[in-house]
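# Fold and contact review
Each chain, written out:
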Amino acid sequence: MFDHPDLATLRQCSILCSAAYTVVFFFMAGRRAWYMYWGWGACSYCASLILAALVGEPFPVWTQMVTDGVMAFSMALVLAGVRRFDGVRGFVPWIWGVVAATAIVPSAAVAALGRGPAASACWSLTMACCSFVLAVPLLLGRTNDGTTRPRRIAGCLLMLYVPVYLIVAGCQLFAPQAAATLEGVPFLADQLLFGAANLALLWIPASHSEHRLRQMALRDPLTGVWNRAALAASEAELLVPGRVALLIDVDRFKAINDRYGHGVGDRVLVAIATALQLSVGGDFVARLGGDEFLVIACADDPATIIDRIRGHAGGDEAGLPAWTVSIGAARIEAGDRSIDDVIQRADQLMYRAKDRGRTPVAA
């Protein structure tokens, strides 16, 4: 149905593809180091293919060592670029070890065994191991910056080279008559895997930016805690019977603004948000608007959390006036259909607390 492409054509297609991504990554780089890593990765792969085409087979041992080392280096740069994106050092000793082993082992096999099926299979197995070792950190790494999916896709695509090389190695050892036919399979895989893997790499910064924008949309810009949009988005997860909703209101906040100015008032709100986060740890803290905050926490005894909040409340921060809060605590019940029902009960209890002298707590 389709003509089988020859090795030279496949190599040329891989060269053109890698050269195109080299230009793309370098053009996008600017001061962003990870793009430079990925650009040099595509460039290195392109260089290894061009060197192999210029020298021709059979390769001298030194040429094979350089070619294999540069090819392994190009794969290592994929992982190193992701590491630089995370703000850590791109290359660590074990990555250099993988590159060195990939450069040395096949050439050593040729020197020891001579050119033949065994040495060719050793080359394919070494490339399979290199792809596997460099793909695993991408597959297993977990992040909270929205980039886990593109990382894993890039890792999966790099991992798919493993069965390709293993099939070629098996044919070279056990079916030499098919080895010549399958010699171009890695280059054929390039036409799909190389481009798709680089697209996944380009997706990583885009996914990170999207995640940051989403977080900004769900965060209160002044205090950094969640906002009403985040409350609405998380309602199904938060509306769990047995949890406690704490509605917190700053006492006489208008008087603070009038006397000290809105700048000081804003600093008070930031101090309150910080106090709430310190009091409840990883539980949900949101600013509903103005001087009103909401905490949804898992607690058998709400009084424990309330005492912690009141312990952090005050005016000990330098340059801030003394401040107190009134708190209304309402437990989420099985019949609650929305978080607004719980907030309404907590709101009534909070105003009852204010009627009792503002700082006491109604729960």
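Quick summary incoming for the structure in this document. (Residues numbered from 1 in each chain as written. Predicted model: local features only at pLDDT ≥ 70, side-chain atom pairs only at ≥ 80, totals over all residues. Heavy atoms only, no water.)

Before going further, it helps to spend a moment on the packing of aromatic side chains. On inspection of all chains with the given rule, the structure shows 16 aromatic pairs. Aromatic side chains Trp34 and Phe85 sit 5.0 Å apart centroid to centroid with 85 degrees between the ring planes, which places their arrangement in the edge-to-face category. Taken together, the residues Trp34 in helix H2 (residues 33-55) and Phe85 in helix H3 (residues 61-85) connect sequence positions 51 residues apart. The same class applies to Trp34 as to Phe85, namely buried. With centroids separated by 5.6 Å and ring planes inclined at 15 degrees, the aromatic side chains of Phe73 and Phe91 adopt a geometry described as stacked. Of the two residues, Phe73 sits in helix H3 while Phe91 sits in the loop between H3 and helix H4 (93-113), which places them 18 residues apart along the sequence. Through successive ring pairs, a cluster of aromatic residues spans Tyr21, Phe25, Trp34, Tyr35, Trp38, Tyr45, Phe85 and Phe194. Just above the ring of Trp226 sits the side chain of Arg219; from NZ or CZ to the centre is 3.6 Å. (Phe/Tyr/Trp six-rings, centres within 6.5 Å; stacked < 30°, edge-to-face > 60°. Helix = DSSP H or I, 4+ residues; strand = E, 2+ residues; numbered from the N terminus. Buried < 20%, exposed > 50% of the residue type's maximum accessible area, 1.4 Å probe, protein only. Lys NZ or Arg CZ within 6 Å of the ring centre and 35° of its normal.)

Moving on: the side chain of Asp220. Turning to its location among the elements, Asp220 is positioned in the loop between helix H9 (185-218) and helix H10 (228-233). By relative accessible area, Asp220 is classed as buried at 10%. If we ignore the near neighbours within four places in the chain, the residues touching Asp220 are Val225, Trp226, Asn227 and Arg287. (Contact = heavy atoms within 4.5 Å.)

Relative to the 33 Å expected for 23 residues at 1.5 Å per residue, helix H1 (residues 7-29) spans 33 Å between its end C-alpha atoms, a close match to the ideal helical length. Just beyond H1, the residue with positive phi is Gly30, at close to 60 degrees. (Expected span 1.5 Å × (residues − 1).)

Once that is clear, we can look at the state of the cysteines. Taken as a whole, this structure holds zero disulfides when the rule is applied. Cysteine Cys122 is unpaired, with the sulfur of Cys129 as its nearest cysteine sulfur at 9.1 Å. The closest cysteine sulfur to the non-disulfide-bonded Cys130 is located on Cys129, 8.8 Å from its own sulfur. (Disulfide = S-S within 2.5 Å.)

Okay, a nonpolar patch on the surface next. Together, Ile50, Leu54 and Val55 make up an exposed nonpolar region whose accessible area comes to about 270 Å². Tracing the backbone through its elements, the reader meets Ile50 in helix H2. (Patch = residues over 30% accessible without salt bridge, like charges linked within 9 Å, V, L, I, M, F, W, Y side chains within 5 Å. Areas by Shrake-Rupley, 256 points an atom, 1.4 Å probe, with all protein chains shown as cover. Salt bridge = Lys/Arg side-chain N within 4 Å of Asp/Glu carboxyl O.)

All chains considered together, the criterion is met by six salt bridges. Of the charged contacts in the structure, one is a salt bridge between Asp220 and Arg287, with a shortest N-O distance of 3.3 Å. You can see Asp220 sitting in the loop between H9 and H10 and its partner Arg287 sitting in strand E2 (residues 284-289), a full 67 residues away along the chain. As far as the burial class goes, Asp220 and Arg287 line up, both buried.

Summarising the element assignment, Ala232 is placed in helix H10. Owing to a relative accessible area of 54%, Ala232 belongs among the exposed residues under this scheme.

The next thing to look at is the pairing of strand E4 (residues 325-331). Buried residues dominate E4, accounting for six of its seven residues. Two strands pair when backbone bridges link them, and strand E1 (residues 244-250) and E4 are joined in this way by seven bridges, in the antiparallel orientation. Bridge pairing in E4 places Ala245 opposite Ala330. (Pairing = 2+ DSSP bridges.)

Before going further, it helps to examine the packing of H3 against H9. Look at H3 against H9: their axes get within 11 Å of each other, and the N-to-C directions meet at 10 degrees. When the interaxial angle is binned, H3 and H9 end up roughly parallel. Across the interface between the two elements, Val78, Val82 and Phe85 from H3 touch Leu201, Ile204, Pro205 and His208 from H9. Partitioned by chemical class, the residues of the contact of H3 with H9 number six nonpolar, one polar and no charged. (Axes fitted to C-alpha atoms, helices over the stretch in contact; angles between N-to-C directions. Parallel < 35°, antiparallel > 145°, perpendicular 65-115°, else oblique. Nonpolar A, V, L, I, M, F, W, Y, C, P; charged D, E, K, R; others polar.)

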